[in-house]
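# Working through the structure, step by step
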Amino acid sequence: MNKRALVTGGSAGLGAALVAELLAEGIEVISIDRDQPAGETPGLHHLPSGRSV
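Computed from a predicted structure; not experimentally measured.

With that settled, the discussion passes to the sheet that holds strand S1 (residues 4–8). Sheet architecture is open: three strands sit in the order S1-S2-S3, paired in parallel fashion. Pairing within the sheet leaves two strands with one partner each, and these edge strands are S1 and strand S3 (44–48). With strand direction ignored, the average angle separating the axes of adjacent strands in the sheet is 20 degrees. Here S1 runs beside strand S2 (residues 28–33); their pairing, made up of five bridges, is parallel. Looking at S2, one finds that Val7 is bridged to Ser31. Relative to S1, helix H1 (residues 13–24) is tilted by about 170 degrees, and along the sheet it contacts S1, S2 and S3.

The rules behind each value
Residues numbered from 1 in each chain as written. Predicted model: local features only at pLDDT ≥ 70, side-chain atom pairs only at ≥ 80, totals over all residues. Heavy atoms only, no water. Pairing = 2+ DSSP bridges. Helix = DSSP H or I, 4+ residues; strand = E, 2+ residues; numbered from the N terminus. Axes fitted to C-alpha atoms, helices over the stretch in contact; angles between N-to-C directions. Contact = heavy atoms within 4.5 Å.

So, in structure tokens, the structure goes:
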């Protein structure tokens, strides 16, 4: 069984640290954030959120 985690605010700060830890454990991560994470990271899927004003 594959493990997956959903992280909000995963592009920076504490959320980004959590994403890094989960990926290091081999867990697939879905990150919901207004900002696109820098670069391509295997196992990380980004879903855009929020509105541009």
